[in-house]
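# Working through the structure, step by step
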Amino acid sequence: MQRLKQLHPLTVGVLLGTFFARLGTFITMPFFAIYLSVVLKFSPVDVGWILSISAVASLVMSFVGGTLSDRYGRRMMMLTGTFGFVLVFIGLAQVETFWAFFILSALNGIFRSIFEPSARALISDTTDEENRLFVFNIRYTCINIAAAIGPGIALLLSAGNTAVTFYITATVYLGYGIAIFILFKRHPITESHGGKKVSFGATIRLLKTDVAFTFALAGIIFGVFGYSQFNSTLPQFLTTTTLLSGGTSLFALLITINAITVLVVQYPIMKFGVKTSPLVSITVGIATVAVGLFVMGTAGTVWLMIGAMFIFTCGEVMMFTMTDILTDSFAKPELRGSYFGAMGLTSIGQSVGPVVGGQLLLYFGAERPLPIFGVLALLTVLGIPLLLLSQRVHRQSKPEEEKEVVSL
């Protein structure tokens, strides 16, 4: 409790805003694929493209969003992102054509890459280094409390069957944007890097020289590829297969189990990550996500699917509780926003995942889950060698850094 009282008001605002914004998002977006496929009758491939373009747009904006945060400041980018989300979700509630959803989904990814690096960089800016792991895990906890509550509210509001929930999400982001504006007015901070010109080329060159971070980034892309199936291939499979009944309700149950599992295992897994390293935790996490995907392919009963979700979620926690800490540990202070923006390159996995999953679902059909989820699991584990290589390069770089310090 004492540590919470020591947090900067802007940090507290971001944490509370994260909870309410994600609550609004979890009422809508996990059921987005169901809404597109069941209500609007889009094909699995069309749904995959709509979901993927958001990640593609986020990928394209990943360097730009973080660099803009360093150049123009956290306040400007966070306000742009939140009010952009308002327009996107209002639009999603009104359109019905493939191309309209395609464009709005792309805008959603753009605003995410504008907002997220700035929000996470602001936490780093306003939090002592010794408390950052604590605060980033509070943020992750807020997200998963929202994920535990959101699906129940979504079912009451018939999410996946109506566009009304999009308006609710838009209203939440409007409130978040207003709160950010007020907090920055009441608690102004000096954004020491906001006015500096940060070269895109310099950021790219930095990442070329930071080989360990680059390999880690590449490995995490495969982990995100596996995780992306949770909101794309899995809900479409559950709502079309005859092997399991009550697809929409079952998916809502799995989302809730996912969130509750995160809350239960997050602290011990965080301790594991601290005792080993973020790279080790993420590596084990990717392997565990792959196992969870494989078990989904063999799950012929609700209980087996619940077990698969538990395994999958443990892997998710191992990956994502340490991603922000890993990025922060690599980042130079003057390029912190750029590094968090560069982590947006993991959207490659998010963009490719739904399309590959949709193609597999279309090819094998919803009655043959094992080849679908088996192939997805196999592709996910390809990230492990890259992370092992990152660990090796990182260990080799430490003696060189120590020599530089001694020479100084």
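This text gives an overview of the structure that appears in the document. (Residues numbered from 1 in each chain as written. Predicted model: local features only at pLDDT ≥ 70, side-chain atom pairs only at ≥ 80, totals over all residues. Heavy atoms only, no water.)

Moving on, we get to the overall build of the protein. Of regular secondary structure, the protein possesses 18 helices and zero strands. For the protein, the exposed surface amounts to about 16,900 Å²; the carbon and sulfur share of it is 68%. (Helix = DSSP H or I, 4+ residues; strand = E, 2+ residues; numbered from the N terminus. Areas by Shrake-Rupley, 256 points an atom, 1.4 Å probe, with all protein chains shown as cover.)

With that out of the way, let us pick up the side chain of serine 37. Along the chain, serine 37 falls in helix H3 (residues 32-39). Not counting chain neighbours up to four residues away, the residues in contact with serine 37 comprise Phe42 and Val47. (Contact = heavy atoms within 4.5 Å.)

Between its first and last C-alpha atoms helix H16 (residues 347-364) spans 26 Å; for 18 residues at 1.5 Å apiece the expected length is 26 Å, and the two agree. Those residues of H16 that sit buried are Ser347, Gly349, Ser351, Gly353, Pro354, Val355, Gly357, Gly358, Leu360, Leu361 and Phe364. Backbone geometry just downstream of H16 places glycine 365 in the positive-phi region, at approximately 85 degrees. (Expected span 1.5 Å × (residues − 1). Buried < 20%, exposed > 50% of the residue type's maximum accessible area, 1.4 Å probe, protein only.)

Attention now goes to the packing of aromatic side chains. Taken as a whole and assessed by the stated rule, the structure comprises 22 aromatic pairs. Ring geometry for phenylalanine 98 versus tryptophan 99: centroids 5.2 Å apart, planes at 80 degrees, classification edge-to-face. Of the aromatic side chains, those joined through ring pairs into one cluster are Phe32, Tyr35, Phe42, Phe98, Trp99, Phe101, Phe102 and Phe166. (Phe/Tyr/Trp six-rings, centres within 6.5 Å; stacked < 30°, edge-to-face > 60°.)

Attention now moves to the environment of glycine 300. Checked against the element boundaries, glycine 300 lands in the loop between helix H13 (278-298) and helix H14 (302-330). With relative accessibility at 44%, the residue glycine 300 sits in the partly exposed group. Along the sequence, glycine 300 and proline 369 sit 69 residues apart, while their C-alpha atoms lie 9.3 Å from each other. Discounting residues that sit within four places of it in the chain, glycine 300 has contacts with Leu243 and Leu244.

Where charged atoms of side chains with opposite charge meet at close range, the side chains can pair. Going through the model one piece at a time under the given rule, you end up with three salt bridges. In this structure, arginine 22 engages glutamate 116 in a salt bridge whose closest nitrogen and oxygen atoms are separated by 3.1 Å. Highlighted residues: arginine 22 in helix H2 (residues 9-28) and glutamate 116 in helix H6 (residues 98-125), separated in sequence by 94 residues. Under the relative-accessibility criterion, arginine 22 is labelled partly exposed at 21%. Between aspartate 125 and arginine 74 there is a salt bridge whose closest N-O contact spans 2.7 Å. Note that aspartate 125 is positioned in helix H6 and arginine 74 in helix H5 (residues 74-94), a separation of 51 residues in sequence. Looking at arginine 74, the relative accessible area reads 3%, which means it is buried. Connected via shared salt-bridge partners are Arg22, Glu116 and Arg139. (Salt bridge = Lys/Arg side-chain N within 4 Å of Asp/Glu carboxyl O.)

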